[in-house]
Amino acid sequence: MHAASFAAVFAALYVAHSVGDHWVQSSCQAADKGKPGWTGRLADTRHVAGLTVTKLVVLLPVALLLDLRLTAAGLLAGLSVDAVTHWWADRRTTLAWLAKVTGKAEFYSLGTPGHPAHPVTSAGTPAAHLGTGAYALDQSFHHVWLLVAALIIATV
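About the criteria used
Residues numbered from 1 in each chain as written. Predicted model: local features only at pLDDT ≥ 70, side-chain atom pairs only at ≥ 80, totals over all residues. Heavy atoms only, no water. Core = buried A, V, L, I, M, F, W, Y, C linked by side-chain atoms within 4.5 Å. Buried < 20%, exposed > 50% of the residue type's maximum accessible area, 1.4 Å probe, protein only. Helix = DSSP H or I, 4+ residues; strand = E, 2+ residues; numbered from the N terminus. Contact = heavy atoms within 4.5 Å. Polar contact = N/O pair within 3.5 Å; in protein donor to acceptor, adjacent residues only side chain to side chain. Expected span 1.5 Å × (residues − 1). Phe/Tyr/Trp six-rings, centres within 6.5 Å; stacked < 30°, edge-to-face > 60°. Lys NZ or Arg CZ within 6 Å of the ring centre and 35° of its normal. Axes fitted to C-alpha atoms, helices over the stretch in contact; angles between N-to-C directions. Parallel < 35°, antiparallel > 145°, perpendicular 65-115°, else oblique. Left-handed = near helix turned anticlockwise from the far one by under 90°.

Draft legend 1. Region of the structure containing the nonpolar core. Val9, Leu13, Leu59, Leu68, Leu70, Leu75 and Ile153 are the most contacted members of the largest nonpolar core, which has 14 residues in total. Mapped onto this core, the elements with two or more residues apiece are helix H1 (2-24), helix H3 (37-65), helix H4 (72-90) and helix H7 (133-155). Ignoring sequence-local partners within four residues, the contact set of Leu59 consists of Val9, Ala12, Leu13, Leu75 and Ile153.

And the structure:
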């Protein structure tokens, strides 16, 4: 039962993460969550609160429809771990630091003017692209913690 519960919980959290991080998060939260001080902290807190509610709204019907035997303690612990780690990473300087200490600073800057091979048009102006190294590292960091959260939710 744990394996099936884990698979269902992870799938639900993964989908809810994508929806919460891209559709539910406001433009203001996205712009401000990395700012220093209380402006950034509060924007990040509002984003993570909305994201966590989104995960709960997606996960509960999945659990009910699939008759998953999840506990309140498991839900609280798993969603708390996910929320805390998401908040930490989305402060931006923290994830930039992690990229630096793990030797990923150049990849972190990929797709930005700070990268030596940043995309430009023939006129030398910044070219449109579909993401950055920072975004890829951000999402993969969140995915690891979604896995941990799903394990906690499915087994506690």
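Now that the structure has been shown, the text picks up again.
Draft legend 2. How the structure looks around the side chain of Thr85. Mapped onto the secondary structure, Thr85 falls in helix H4. On the basis of relative accessible area, Thr85 is assigned to the buried category, the value being 13%. Here Val81 takes part through its backbone oxygen, which lies 3.0 Å from a polar atom of the side chain of Thr85. Those residues in contact with Thr85, other than ones at most four positions away along the chain, are Phe141 and Trp145.

Draft legend 3. Representation of H4. Over its 19 residues, H4 runs 26 Å from end to end, which matches the ideal 27 Å to within 8%, given 1.5 Å per residue. Residues of H4 that are buried include every one of Gly74, Leu75, Gly78, Leu79, Asp82, Ala83, Thr85, His86, Ala89 and Asp90, and no others. In this structure, the buried residues of H4 make contact with H1, H3, helix H5 (93-101) and H7. Immediately downstream of H4, the backbone of Arg92 shows phi near 70 degrees, a positive value.

Draft legend 4. Quick peek at the side chain of His17. You can see His17 is positioned in helix H1. On the basis of relative accessibility, which here comes to 1%, the residue His17 falls in the buried class. Here Gln139 takes part through its side chain, which lies 2.9 Å from a polar atom of the side chain of His17. Dropping the residues within four chain positions of it, His17 is found in contact with Leu51, Lys55, His86, Gln139, His142, His143 and Leu146.

Draft legend 5. Quick peek at H1. Within H1, the full set of buried residues consists of Ser5, Ala8, Val9, Ala12, Leu13, Ala16, His17, Gly20 and Asp21. In this structure, the buried side of H1 is in contact with H3, H4 and H7.

Draft legend 6. Spatial organisation of the packing of aromatic side chains. According to the stated counting rule, one finds 4 aromatic pairs in the structure shown. Summarising the aromatic geometry, the rings of Phe6 and Phe10 are spaced 6.1 Å apart at their centres and angled 25 degrees between planes, so their arrangement reads as stacked. Of the two residues, Phe6 and Phe10 both sit in helix H1, 4 residues apart, roughly one turn of that helix. For Phe10, a relative accessible area of 23% translates into the label partly exposed. Above the ring of Trp38, the side-chain terminus of Arg41 is found at 4.9 Å from the ring centroid.

Draft legend 7. Broad picture of the environment of Ser80. Along the chain, Ser80 turns up in helix H4. In the structure, Ser80 is positioned 69 residues away from Ala149 in sequence and 8.2 Å away in space, judged by C-alpha atoms. A polar contact is formed between the side chain of Ser80 and the backbone oxygen of Leu76, at a distance of 2.6 Å.

Draft legend 8. Structural detail: the packing of H4 against H7. Two elements in contact, H4 and H7, have axes separated by 8 Å at closest approach and are oriented at 165 degrees. One finds that H4 runs roughly antiparallel with respect to H7. Like other packed secondary-structure pairs, H4 and H7 cross with a definite hand, here right-handed. Residues Gly74, Leu75, Ala77, Gly78, Leu79, Val81, Asp82, Thr85, His86, Trp88, Ala89 and Asp90 of H4 pack against Asp138, Phe141, His142, Trp145, Leu146, Val148, Ala149, Ile152 and Ile153 of H7.

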